[in-house]
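Spelled out, the chains give:
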Amino acid sequence: MESHFHMMTGMGKRKVITGKKEDLEQKRIDFLTELCHQMQNPVVTTTPLAPVCTVTVKDAVEAFLKQYELTVSHQTFLGEKTNTNNISRIMGDMLVTDVTFDDFKNFVNVISKGKGGNPAAPKTARNHIITFKKVMMCCQKKRWISADDYELITSDVKIPTYVTDGGHEEKVKEKKSLTCTEAREVLEALKSNRRYYLVARILFLTGMRPQEFFALEKKELVQDEGYINIRQALVKQDKAKGAERTFDVGTTKNRGSRRKVPATERVFHYINELEKFLVADGSRKKSIPAGNENMIIVDRNGNLIDEHAFEVNMVRYLQRNGDCKRFTLGMPRHFYQDQLDILGANVNDVEKAVGHVIDTVAEKHYKVNEEYVRRLAPYIEQLGTMLENAEKAV
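Residues numbered from 1 in each chain as written. Predicted model: local features only at pLDDT ≥ 70, side-chain atom pairs only at ≥ 80, totals over all residues. Heavy atoms only, no water.

Please give an account of the nonpolar core that cites residues and values.
In this structure, Leu190, Phe204, Phe213, Phe214, Ile228 and Leu340 are the most contacted members of the largest nonpolar core, which totals 62 residues. Elements that contribute at least two residues to this core include exactly helix H9 (180-190), helix H10 (194-206), strand S4 (227-230), helix H12 (265-280), helix H14 (307-321), helix H15 (331-343), helix H16 (347-354) and helix H17 (371-388). Tallying contributions element by element places H10 first for this core, with nine residues. The contacts of Phe213, once residues within four sequence positions are left out, are Val199, Ile202, Leu203, Met208, Leu274, Ile296 and Ile297. (Core = buried A, V, L, I, M, F, W, Y, C linked by side-chain atoms within 4.5 Å. Buried < 20%, exposed > 50% of the residue type's maximum accessible area, 1.4 Å probe, protein only. Helix = DSSP H or I, 4+ residues; strand = E, 2+ residues; numbered from the N terminus. Contact = heavy atoms within 4.5 Å.)

What follows is the structure, given as structure tokens:
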């Protein structure tokens, strides 16, 4: 049995009713009655409203750091935390859903102004931009903002030209660079302090980061094959306000930092001389009860070196006893790279030796193996000779 009817919209409909003949008429009446009720009381469906996001930028920063800390070394995390502290300070109370391109641009401008009337370094501004984008990407992944929101907020933000055109990077490079003559003057000024002198000699000829050398253990010296294993680094520990600064042995700066550092016989000679000095002044004996007897260098009490205090005291010593360019423990590393490049060493070999991650197209064709240790050895020996005879410097 078929029943034809029209909806209120004018659209025709057909309903087929089946069953016993004596029941068909009643079924038809029941169907039409139900249909009439539905038309008189239509069901209104509404789309539920999305919950209002109450997450602030400060909350987003904390969520980002909680995940980020597990994926990087502690030293890298501390650097990122410095950037996120500024994000929280400037934008922390804003809701992530209210952040706009203009807010991000204003944040970059505030950071770029720097302190004391001096513009920030381009690297500082770039790092803050990168960190902010990471925080916003965390918000997107947690569905606090959409992909379109992320793109609109973060795209095309540029560093002010007064920062990029200020020549800051060139000035920093000039400040950190040393010629062979200047390096020789530093070493001459340090000669009367055996501890400082030997540390500087070793750093000049290995390009190690200070925190890598201060965390070096005797078992990592492979003199027969001419290299030193770098597997760990000194890491500053978090401390309560007012507490003493402490250091401990932890992970290296990045994956490229775990490497073999080429070392000539001259380098091992200086390390042996350093050991003799530690024995003579009693530092090595004190290091045994402190559990540091296997460390290449310890302080006068046998403890791990406080990198900050070591550098400050060395700089003050040079100011009192020498007439040379202002020196920091990071400068030998730049000197090592610059001089090996001048001498004609392979750029990728040098990058690998100092622990840089090679992220260029050339890496696909550059085989990272122990051959770079052998190839760099004659250049390092030549560099050692140049430091002994500064007048031969290139």
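With reference to specific residues and values, describe H9.
Along H9, the residues that are buried comprise Cys180, Ala183, Val186, Leu187, Ala189 and Leu190. Elements in contact with the buried residues of H9: H10, H14, H15 and H17.

Account for unusual backbone geometry, naming residues and giving values.
Working note: non-glycine residues mostly have negative phi, and peptide bonds are mostly trans. Positive phi outside glycine occurs at Arg143, with the angle close to 65 degrees. When you line up the elements, Arg143 lands in the loop between helix H5 (122-141) and helix H6 (147-154). The exposure class of Arg143 is exposed, given its relative accessible area of 78%.

Any details on the packing of aromatic side chains? Residues and values, ideally.
The geometry of two aromatic rings is summed up by the distance between their centres and the angle between their planes. In total, this model carries nine aromatic pairs according to the counting rule given. With a centroid separation of 4.2 Å and 20 degrees between ring planes, the pair formed by Phe104 and Phe132 is classed as stacked. With a gap of 28 residues between them, Phe104 in helix H4 (residues 101-112) and Phe132 in helix H5 connect regions that are remote in the sequence. Accessibility classification places Phe104 together with Phe132 in one group, the buried group. Measuring from centroid to centroid gives 5.9 Å for Phe213 and Phe214, while their planes differ by 50 degrees, and the two rings are tilted. Given a relative accessible area of 0%, Phe213 falls into the buried group. Grouped by ring-pair contacts, the aromatic residues Tyr196, Phe213, Phe214, Phe310 and Tyr317 constitute a single cluster. (Phe/Tyr/Trp six-rings, centres within 6.5 Å; stacked < 30°, edge-to-face > 60°.)

A description of the pattern of salt bridges should follow, citing residues and the corresponding values.
Scanning all chains against the criterion turns up 16 salt bridges. The partner of Glu381 in a salt bridge is Arg266, and the shortest N-O contact between them spans 2.7 Å. Residue Glu381 is found in helix H17, and its partner Arg266 is found in helix H12; the two are separated by 115 residues along the sequence. Overall, Glu381 belongs to the partly exposed group, its relative accessible area being 31%. Accessibility expressed as a relative area gives 18% for Arg266, which makes it buried. Note that Glu275 and Arg284 form a salt bridge whose closest N and O atoms lie 2.7 Å from each other. In this structure Arg284 comes out as buried when scored by relative accessible area, which is 8%. In the salt-bridge network here, residues are joined through shared partners; they are Arg201, Arg266, Glu381 and Glu388. (Salt bridge = Lys/Arg side-chain N within 4 Å of Asp/Glu carboxyl O.)

Go over the sheet that holds S4, please, and point to the residues and values.
Taken in spatial order, the three strands line up as S3-S4-S7 in an open sheet, and their pairing is antiparallel. Taken across any chain shown, the strands that pair with only one partner, and hence form the sheet edges, are strand S3 (221-222) and strand S7 (259-262). Here S3 runs beside S4; their pairing, made up of two bridges, is antiparallel. Looking across to S4, one finds that Val222 is bridged to Tyr227. (Pairing = 2+ DSSP bridges.)

Requested: an account of the side chain of Arg201, with residues and values cited.
Take Arg201: it is sitting in helix H10. We classify Arg201 as buried; its relative accessible area is 3%. Contact partners of Arg201, with chain neighbours within four places excluded, come to Leu187, Tyr270, Leu387 and Glu388.

Give me the lowdown on the packing of helix H2 (residues 57-68) against helix H3 (residues 74-91), citing residues and values where you can.
Running from N to C, H2 and H3 cross one another at 170 degrees; their axes reach a closest spacing of 9 Å. Classified by the interaxial angle, the pair formed by H2 and H3 is roughly antiparallel. Every residue of H3 that contacts H2 at Val57, Lys58, Val61, Phe64, Leu65 and Tyr68 is listed here: Thr76, Phe77, Glu80, Lys81, Thr84, Ile87, Ser88 and Met91. (Axes fitted to C-alpha atoms, helices over the stretch in contact; angles between N-to-C directions. Parallel < 35°, antiparallel > 145°, perpendicular 65-115°, else oblique.)

Kindly report on the state of the cysteines, identifying the contributing residues and their values.
One pass over the full model with this rule turns up zero disulfides. Between Cys53, a cysteine without a disulfide, and Cys139, which holds the nearest cysteine sulfur, the sulfur-to-sulfur distance is 7.9 Å. (Disulfide = S-S within 2.5 Å.)

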